[in-house]
Amino acid sequence: EIRDNPSLKDKPVAIGGIGMISTANYVARSYGVRSAMPGFMGKKLCPSLIFVKPNFKKYTKVALQVRDVLKDYDPDYQAMSLDEASLDVTDYIHSHRKRLRMRLSNGNESSSLSAPSSSNSMFTPQVTNPRCRYSTNATPEACEECGR
């Protein structure tokens, strides 16, 4: 909503109404306003809270645009909702590793990051052999042993 109405940028905004809040921006959250909170409670916490009616047609359109981008990184991504998806970027990173290695690690071949997955909600930085996408902390010899 703020993308379409920049005047809301620094104001507390919640999507929904007095009955229920679907989501709130960071400004509203700093007052304690949260998703799934009755709007009247949000107004008590933040009297200047601005309610914006949800526009699911717009959200669906934007979600489809984002999904078109996600397909470039993982054609088998999983969309869990309009604003949540899970994707495996392993193949993309593997095929672009030289360029990404330069951008992400300043040429240090032993650095990479693993992002959260649907089965692992923790962010875990790991040192990985960039030549082997299957092994964590692998050496070139370990990759030759597993054949990958």
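Structural data are supplied above this passage.
## Some details on the overall build of the chain
Helices and strands together make up the secondary structure of the chain, namely 6 helices and 7 strands. Taken across its 148 residues, the chain has 23% of its residues classed as buried. Partitioning the contacts of the chain with sequence separation of at least 6, the portion at a separation of at least 24 is 24%. Carbon and sulfur atoms provide 55% of the accessible area of the chain, an area that totals close to 10,600 Å².

## Remarks on unusual backbone geometry
If you check the backbone angles, Ala 36 has positive phi at about 65° while not being a glycine. Checked against the element boundaries, Ala 36 lands in the loop between α1 (26-29) and α2 (39-45). Overall, the relative accessible area of 61% leaves Ala 36 in the exposed class.

## Quick word on the packing of aromatic side chains
Taken as a whole and judged by the stated rule, the model has 2 aromatic pairs. Between Phe 56 and Tyr 59 the ring centres are 5.7 Å apart and the planes differ by 85°, which places this aromatic pair in the edge-to-face class. With a gap of 3 residues between them, Phe 56 and Tyr 59 both fall in helix α3 (residues 56-73), about one helical turn apart.

## Description of the nonpolar core
One recurring pattern in soluble globular proteins is that nonpolar side chains are buried together. Counting 7 residues, the largest nonpolar core consists of Ala 14, Ile 21, Ala 24, Ala 28, Val 33, Cys 46 and Leu 49. In contact with Cys 46, other than residues within four places in its own chain, are Pro 12, Tyr 31 and Val 33.

## A word on the layout of surface pockets
Put simply, the second largest pocket is a space of about 730 Å³. If you go around the second largest pocket, you meet 26 residues; those closest to its centre are Glu 1, Ile 15, Thr 23, Tyr 59 and Asp 83. Secondary structure elements with two or more residues in the lining of the second largest pocket: β1 (13-16), β2 (21-24), α3, β4 (78-81) and β5 (84-86). Examining the composition of the lining of the second largest pocket, we find that 8 residues originate from one element, α3, more than from any other.

## Thoughts on the pattern of salt bridges
Side chains that carry opposite charge are capable of pairing whenever their charged atoms lie near each other. A full pass over the atoms with the stated rule returns 4 salt bridges. Of the charged contacts, one joins Lys 58 and Asp 4 as a salt bridge, the two residues approaching to 2.7 Å between their closest N and O atoms. With Lys 58 in helix α3 and Asp 4 in the segment before β1, the pair connects residues that are 54 residues apart, well separated along the chain. The partner of Lys 71 in a salt bridge is Asp 68, with the nearest N and O atoms 3.3 Å apart. Taken together, the residues span about one helical turn, with Lys 71 and Asp 68 both in helix α3 at a distance of 3 residues. You can call Asp 68 partly exposed: its relative accessible area is 46%.

## Structural notes on a nonpolar patch on the surface
There is a patch of nonpolar side chains on the surface, built from Ile 18, Phe 40 and Met 41 and spanning about 290 Å² of accessible area. Relative to the helices and strands, Met 41 is located in helix α2.

Quick notes on the rules
- Residues numbered from 1 in each chain as written.
- Predicted model: local features only at pLDDT ≥ 70, side-chain atom pairs only at ≥ 80, totals over all residues.
- Heavy atoms only, no water.
- Helix = DSSP H or I, 4+ residues; strand = E, 2+ residues; numbered from the N terminus.
- Buried < 20%, exposed > 50% of the residue type's maximum accessible area, 1.4 Å probe, protein only.
- Contact = heavy atoms within 4.5 Å.
- Areas by Shrake-Rupley, 256 points an atom, 1.4 Å probe, with all protein chains shown as cover.
- Phe/Tyr/Trp six-rings, centres within 6.5 Å; stacked < 30°, edge-to-face > 60°.
- Core = buried A, V, L, I, M, F, W, Y, C linked by side-chain atoms within 4.5 Å.
- 1 Å grid on protein atoms, 1.4 Å probe; cavity = no way out; pocket = protein on both sides within 12 Å on 5 of 7 lines; lining within 4 Å.
- Points joined across faces, edges and corners; volume = space filled by probe spheres on them.
- Salt bridge = Lys/Arg side-chain N within 4 Å of Asp/Glu carboxyl O.
- Patch = residues over 30% accessible without salt bridge, like charges linked within 9 Å, V, L, I, M, F, W, Y side chains within 5 Å.

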